[in-house]
Amino acid sequence: MRRFVYCKVVLTTSLVWVLVDVFLLLYFSECNKCDDRKDRSLLPALRAVMSRTHEGPGEMGKAVIIPKEDQEKMKELFKINQFNLMASDMIALNRSLPDVRLDGCKTKVYPDDLPNTSIVIVFHNEAWSTLLRTVHSVINRSPRHLLVEILLVDDASERGRGNFMKLRGAAASRGQVITFLDAHCECTVGWLEPLLARIKEDRKAVVCPIIDVISDETFEYMAGSDMTYGGFNWKLNFRWYPVPQREMDRRKGDRTLPVRTPTMAGGLFSIDRSYFEEIGTYDPGMDIWGGENLEMSFRIWQCGGSLEIVTCSHVGHVFRKATPYSFPGGTGQVINKNNRRLAEVWMDEFKDFFYIISPGVVRVDYGDVSARKALREALQCKPFSWYLENIYPDSQIPRRYYSLGEIRNVETNQCVDNMGRKENEKVGFFNCHGMGGNQVFSYTADKEIRTDDLCLDVSRLNGPVVMLKCHHMKGNQMFEYDAERLTLLHVNSNQCLDMPSEEDKMVPTLRDCNGSRSQQWLLRNMTLSM
Ligand SMILES: *[C@@H]1O[C@H](CO)[C@@H](O)[C@H](O)[C@H]1NC(C)=O
Ligand SMILES: *[C@@H]1O[C@H](CO)[C@@H](O)[C@H](O)[C@H]1NC(C)=O
Ligand SMILES: *[C@@H]1O[C@H](CO)[C@@H](O)[C@H](O)[C@H]1NC(C)=O
Ligand SMILES: *[C@@H]1O[C@H](CO)[C@@H](O)[C@H](O)[C@H]1NC(C)=O
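Below, the structure is looked at part by part. Keep in mind the model is a prediction, meaning the values are calculated, not measured. (Residues numbered from 1 in each chain as written. Chains lettered and ligands numbered in written order. Predicted model: local features only at pLDDT ≥ 70, side-chain atom pairs only at ≥ 80, totals over all residues. Heavy atoms only, no water.)

One pass over the structure, following the stated rule, counts five disulfides. Shown here is the disulfide that connects Cys415 with Cys432, its sulfur atoms set 2.1 Å apart. The disulfide joining Cys415 to Cys432 has a torsion of about 100 degrees about its S-S bond and is therefore right-handed. Taken together, the residues span a long stretch of sequence, with Cys415 in strand 16 (residues 414–417) and Cys432 in the loop between strand 17 (428–431) and strand 18 (441–444) at a distance of 17 residues. Disulfide partner of Cys496: Cys513, at an S-S distance of 2.1 Å. Between Cys496 and Cys513 the sulfur-sulfur dihedral comes to about 100 degrees; the bridge is accordingly right-handed. Taken together, the residues span a long stretch of sequence, with Cys496 in strand 24 (residues 495–498) and Cys513 in the loop between strand 25 (509–511) and strand 26 (521–523) at a distance of 17 residues. Using a relative accessible area of 2% as the deciding quantity, one classes Cys496 as buried. (Disulfide = S-S within 2.5 Å. Helix = DSSP H or I, 4+ residues; strand = E, 2+ residues; numbered from the N terminus. Buried < 20%, exposed > 50% of the residue type's maximum accessible area, 1.4 Å probe, protein only.)

In structure tokens form, the structure reads like this:
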């Protein structure tokens, strides 16, 4: 290889830091050999395929299909990294990918003097082929003068220490911008320039590419959508939701302009180095992975920055269905601790939504957050209500609401209960337990009855009540609560919410309003016992 890039590899063990500067590409030139070290028998198969089709497996982002006779072996190898290692090892480290950008992106011209960037990639027990494919894609698809270095940070600890390692990587880097990537990514043509161009325009813009999906089964490359953006639910899980009309309007319909997103998905973003320090890098009190993306999102918005998805930049990522990490006390404990920290520091009174729907979480110890609260103070950050009002009005957490708690039937003294059911299923009805969780609903100022990101919805007369994704359009999801008569009138059908019928004992239904006690409901604000 003639092209030559200065890289830095940072190797760590839990006790010692060894910094090794190497010319990574010298190292890579050997990689087509070391790549198949796990299974040399693959090589003839790979050559056979290449000679037959004149293009290698996975080229142009196509799916790799493992022949029947190798399926058993493939399943064994899958367990190591929770993705199809055999497929990955067959694909060239510099495989070609389709140009998935919107047409309007392909002709954009960027300034010559974009800021340069360091790329920080933290990896943990990563497969050689995916890690090197990430690095190859960065080198091959980034203009050389914009790339200062690639820092590969080997988190050699047993369990992984995500944030801590990202911070060490950031601290060792020298670029004007820091770009964080995951170890199993592939960058596509033109991915870097639009990210840096946006930061050049506004140093407080923190920017993410569109994250395309690389199949964990076949390594097929599938373009992500520019029509979804990041949100979160009451449990503080990151979720994708459709980009709302107001954001389309703000951009005057131009989908090539960056989308202002309420939250970011995780480890893939670029940030101005000095701004990263100014707003307090990461919360060092958060353990390993989970929650840090929301913490950072809230912090950026509330403290005067902006968080955007740059729709002209596409980076692929292998999404795994299970994590290969082990966590002390299980993943649940770690994520709950992290989520408590972000709720306590950033969410003000709206943290109740998280606590009420996740009973038990209030007993999780979240350590000391005084330094993070002091940071919030020092940066004079805005309240969470401002964020809900201005940045995320279509949030799953309503900015204004009448009640957050149980919905109790006067006649039977039982409660509406989502029974842990999912979208499109009927809502249930059960003895009230007063413990929150599945019996928590919010009657919002928009007159929806919500449980997390689902809304009670009725689509026909005398119909059952089902739970559908809240659509914010009123319609079949609008109920009028009469606090004196205690009735919940479904406005579209002009019928009242009633207790279940004989046939369908567990499902509340709609009936003509007739003042019966079975049509009376008590909506309460539940108080948290903490
Ligand atoms: C990948 O590298 C090999 C060897 O240098 C080269 O022959 C091939 O054309 C490259 N593939 C692409 C898609 O650039
Ligand atoms: C990055 O850009 C800055 C400002 O132009 C420059 O001083 C620095 O030398 C650049 N770094 C590299 C490694 O090119
Ligand atoms: C419940 O709490 C919300 C938020 O504090 C408040 O606006 C609302 O008036 C309360 N509702 C009742 C019925 O007390
Ligand atoms: C309301 O209607 C239901 C059946 O539709 C009936 O069982 C109930 O007695 C009625 N209640 C009143 C107060 O009329």
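Once you've had a look at it, read on.
Another aspect to go through is the packing of aromatic side chains. The way to describe two aromatic rings as a pair is by their centre distance and the angle between their planes. The tally for this structure, following the rule as stated, stands at 22 aromatic pairs. Here Phe180 and Phe276 contribute two aromatic rings whose centre-to-centre distance is 5.6 Å and whose plane-to-plane angle is 55 degrees, an arrangement assigned as tilted. Taken together, the residues Phe180 in strand 5 (residues 177–181) and Phe276 in helix 11 (residues 273–278) connect sequence positions 96 residues apart. Measuring from centroid to centroid gives 6.2 Å for Phe180 and Tyr282, while their planes differ by 80 degrees, and the two rings are edge-to-face. With a gap of 102 residues between them, Phe180 in strand 5 and Tyr282 in the loop between helix 11 and helix 12 (292–302) connect regions that are remote in the sequence. You'll find Phe180 and Tyr282 in the same group, each marked buried. Between Lys382 and the ring centre of Trp386, over which it is positioned, the NZ or CZ distance is 4.3 Å. (Phe/Tyr/Trp six-rings, centres within 6.5 Å; stacked < 30°, edge-to-face > 60°. Lys NZ or Arg CZ within 6 Å of the ring centre and 35° of its normal.)

This brings us to the side chain of Asn418. For Asn418, the position within the fold is in the loop between strand 16 and strand 17. According to the relative accessible area criterion, Asn418 is buried, its value standing at 8%. At 2.7 Å, the side chain of Asn418 and the backbone nitrogen of Gly420 are in polar contact. Setting aside residues no more than four positions away along its own chain, Asn418 makes contact with Val427, Asn438, Phe441, Thr451 and Met467. (Polar contact = N/O pair within 3.5 Å; in protein donor to acceptor, adjacent residues only side chain to side chain. Contact = heavy atoms within 4.5 Å.)

Attention now goes to the packing of helix 12 against helix 16 (residues 384–391). Where helix 12 contacts helix 16, the axes come no closer than 10 Å and their chain directions differ by 85 degrees. In terms of orientation, helix 12 lies roughly perpendicular with respect to helix 16. Packed against helix 12, whose contacting residues are Phe298, Trp301 and Gln302, the element helix 16 presents Phe384, Trp386, Tyr387 and Ile391 at the interface. Considered class by class, the residues forming the contact of helix 12 with helix 16 number six nonpolar, one polar and no charged. (Axes fitted to C-alpha atoms, helices over the stretch in contact; angles between N-to-C directions. Parallel < 35°, antiparallel > 145°, perpendicular 65-115°, else oblique. Nonpolar A, V, L, I, M, F, W, Y, C, P; charged D, E, K, R; others polar.)

As a rule of thumb, soluble globular proteins bury nonpolar side chains together. Membership of the largest hydrophobic core comes to 59 residues, with the highest contact counts inside it found for Phe180, Phe232, Phe269, Ile271, Phe298 and Tyr387. Apart from the residues lying within four places of it in its own chain, the contact partners of Phe269 are Ile178, Thr179, Phe180, Val206, Val207, Cys208, Met264, Tyr282 and Met296. Listed in part, the 29 residues of the second largest apolar core include Ile139, Leu192, Leu268 and Val315. (Core = buried A, V, L, I, M, F, W, Y, C linked by side-chain atoms within 4.5 Å.)

Turning next to the site of ligand 3. The immediate surroundings of ligand 3 are formed by Tyr401, Tyr402 and Asn525. Note that a nitrogen atom of ligand 3 is positioned 2.6 Å from one of the backbone N or O atoms of Tyr402. Starting from 360 Å² of accessible surface for ligand 3 in isolation, the protein chains cover 44%. (Near = heavy atom within 4 Å. Areas by Shrake-Rupley, 256 points an atom, 1.4 Å probe, with all protein chains shown as cover.)

It is worth spelling out helix 7 (residues 128–141) at this point. Helix length check: helix 7, at 14 residues, gives a terminal C-alpha distance of 20 Å against a target of 20 Å (1.5 Å per residue), a fit within 8%. Among the 14 residues that make up helix 7, 12 are buried, leaving the element largely enclosed by the rest of the structure. Taken together, the buried positions of helix 7 are Ser129, Thr130, Leu131, Leu132, Arg133, Thr134, Val135, His136, Ser137, Val138, Ile139 and Arg141. (Expected span 1.5 Å × (residues − 1).)

This brings us to the sheet that holds strand 23 (residues 487–490). Reading across from one edge, 22-23-24-25 is the order of the four strands in this open sheet, with antiparallel pairing throughout. Here the strands that pair on one side only, and so sit at the sheet edges, are strand 22 (479–482) and strand 25. Between one strand axis and the next, the sheet turns through 40 degrees on average, direction left out of account. Looking at chain direction, strand 24 and strand 25 are connected through three bridges and run antiparallel. Of the residues in strand 25, the one forming a bridge with Asp498 is Thr509. (Pairing = 2+ DSSP bridges.)

Before going further, it helps to examine the side chain of Ser173. Mapped onto the elements of the fold, Ser173 is located in the loop between helix 8 (162–172) and strand 5. At 2.7 Å, the side chain of Ser173 and the backbone oxygen of Ala170 are in polar contact. Among the polar contacts made by the side chain of Ser173, one reaches the side chain of Arg273 at a distance of 2.6 Å. Sequence-distant contacts of Ser173, defined by excluding residues within four places in its chain, comprise Ser118, Glu149, Leu151, Ile178 and Arg273.

On to the sheet that holds strand 19 (residues 449–451), then. One open sheet holds the five strands; their spatial order is 14-18-19-20-21, and the pairing between them is antiparallel. Lying at the two open borders of the sheet, with one neighbouring strand each, are strand 14 (401–405) and strand 21 (466–469). Sheet twist, expressed as the mean angle between neighbouring strand axes with direction ignored, is 30 degrees. Here strand 18 runs beside strand 19; their pairing, made up of two bridges, is antiparallel. Bridge pairing in strand 19 links Ser442 to Arg450.

Further remarks concern the pattern of salt bridges. Within this structure, the stated rule accounts for 35 salt bridges. Between Arg101 and Asp99 there is a salt bridge, with the nearest N and O atoms lying 2.9 Å from each other. By relative accessible area, which is 33% here, Asp99 ends up partly exposed. Put simply, Arg408 and Glu406 hold a salt bridge, and the shortest N to O gap is 2.8 Å. Note on accessibility: Arg408 and Glu406 belong to one class, buried. Through salt bridges with shared partners, a single ionic network connects Arg198, Glu201, Asp202 and Glu308. (Salt bridge = Lys/Arg side-chain N within 4 Å of Asp/Glu carboxyl O.)

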